[in-house]
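Listed here are the chains, written in short residue letters.
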Amino acid sequence: MIETSLLLRGIGIVLIIAGIVLVSNPELVSNKTIPDNTFDAIERRIWWGLLIGFGCLLMFHHQFQPWVTSLAATSASLMFGLLVARLIGIMLDGSVTKQWLYVGLELVLLAPLVWWYLRVRA
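First, a word on what this report is: a plain description of the structure on this page. (Residues numbered from 1 in each chain as written. Predicted model: local features only at pLDDT ≥ 70, side-chain atom pairs only at ≥ 80, totals over all residues. Heavy atoms only, no water.)

1. Structural notes on the overall build of the chain
When you go through the chain residue by residue, the secondary structure sums to five helices and zero strands. Each helix and strand of the chain, placed in order from N terminus to C terminus, yields the pattern α-α-α-α-α. A principal-axis box enclosing the C-alpha atoms of the chain has dimensions of 45 × 35 × 15 Å. Taking all 122 residues of the chain together, 36% fall into the buried category. Summarising the internal contacts of the chain: among those between residues at least 6 apart in sequence, 73% fall at separations of at least 24. Here the chain has roughly 7,600 Å² of accessible surface; of this, 71% comes from carbon and sulfur atoms. Here the chain contributes 8 positively and 7 negatively charged side chains, and the mean placements of these two sets differ by 9 Å. (Helix = DSSP H or I, 4+ residues; strand = E, 2+ residues; numbered from the N terminus. Buried < 20%, exposed > 50% of the residue type's maximum accessible area, 1.4 Å probe, protein only. Contact = heavy atoms within 4.5 Å. Areas by Shrake-Rupley, 256 points an atom, 1.4 Å probe, with all protein chains shown as cover. Lys, Arg positive; Asp, Glu negative; His and termini not counted. Charge placed at Lys NZ, Arg CZ, Asp CG, Glu CD.)

Have a look at this one:
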């Protein structure tokens with residue numbers, strides 16, 4: 001019998017890989033044309049970062065109780081996934097000042113979420 005944490009980690013790896021593939025090439029599942037401006041071209045990739053975030057959550061957090069810890073872990077991992085997707089989008093589509101502003105905001109939001117998770121986990 002497969003141990004639950006090993007199964008969750010395996011699912012997490014699959015989600016991270018799927019998220020990275022879809023962030024890199026969102027046209028695999030969408031027939032929308034690529035936007036002309038760089039900002040929108042990057043934005044079409046961002047929501048696939050949620051798969052990366054869920055994958056990270058399953059890789060590193062294997063408990064559901066207490067719920068505060070799970071909420072902190074979920075929030076931090078989803079924000080991390082969005083940040084990774086945005087950085088991949090900037091790398092592939094080009095740099096726009098507004099996207100770097102969003103990177104900064106996501107880092108500012110991620111820091112207290114990680115601190116919260118580390119505090120409630122202990």
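From this point, things continue past the structure.
2. Here's the deal with a nonpolar patch on the surface
Judged by side-chain polarity, Ile 13, Ile 17, Val 21, Leu 28 and Val 29 come together as a nonpolar surface patch covering roughly 450 Å² of accessible area. For Leu 28, the location among the structural elements is in the loop between helix 1 (4-24) and helix 2 (38-46). Looking at Leu 28, the relative accessible area reads 53%, which means it is exposed. (Patch = residues over 30% accessible without salt bridge, like charges linked within 9 Å, V, L, I, M, F, W, Y side chains within 5 Å. Salt bridge = Lys/Arg side-chain N within 4 Å of Asp/Glu carboxyl O.)

3. Some remarks on the packing of helix 2 against helix 5 (residues 97-121)
Packed helices, taken two at a time, are described by their axes: the angle between them and the distance between them. One way to put it is that helix 2 packs onto helix 5 with a least axis distance of 9 Å and a crossing angle of 40°. One way to sum up the angle between helix 2 and helix 5 is to call them oblique. Contact residues: helix 2 offers Phe 39, Ile 42 and Glu 43, while helix 5 offers Lys 98, Gln 99 and Tyr 102. Counted by class, the contact of helix 2 with helix 5 contains three nonpolar, one polar and two charged residues. (Axes fitted to C-alpha atoms, helices over the stretch in contact; angles between N-to-C directions. Parallel < 35°, antiparallel > 145°, perpendicular 65-115°, else oblique. Nonpolar A, V, L, I, M, F, W, Y, C, P; charged D, E, K, R; others polar.)

4. Description of the pattern of salt bridges
When the charged atoms of two side chains with opposite charge come close together, those side chains can pair. Scanning the entire structure with this criterion turns up five salt bridges. A salt bridge links Glu 27 to Arg 44; the nearest nitrogen and oxygen atoms lie 2.8 Å apart. Here Glu 27 is found in the loop between helix 1 and helix 2, whereas its partner Arg 44 is found in helix 2, with 17 residues between them in sequence. When its relative accessible area of 29% is taken as the criterion, Glu 27 is described as partly exposed. Arg 45 serves as the salt-bridge partner of Asp 93, at 2.7 Å between the closest nitrogen and oxygen. Of this pair, Asp 93 sits in helix 4 (residues 67-93) while Arg 45 sits in helix 2, placing them 48 residues apart in sequence. Judged by its relative accessible area of 24%, Asp 93 falls in the partly exposed class.

5. Details of the packing of aromatic side chains
What the rule picks out here adds up to one aromatic pair. Sitting over the ring of Phe 39, Lys 98 keeps its end group 5.0 Å from the ring centre. (Phe/Tyr/Trp six-rings, centres within 6.5 Å; stacked < 30°, edge-to-face > 60°. Lys NZ or Arg CZ within 6 Å of the ring centre and 35° of its normal.)

6. Comments concerning the nonpolar core
Counting 10 residues, the largest nonpolar core is built from Ile 42, Ile 46, Ala 76, Met 79, Leu 82, Leu 83, Ile 90, Val 103, Leu 110 and Leu 113. Counting residues per element, the ones that place at least two in this core are helix 2, helix 4 and helix 5. In terms of residue count, the dominant contributor to this core is helix 4 (five residues). By size, the runner-up hydrophobic cluster in this structure holds seven residues, among which are Ile 16, Cys 56, Met 59 and Ile 88. (Core = buried A, V, L, I, M, F, W, Y, C linked by side-chain atoms within 4.5 Å.)

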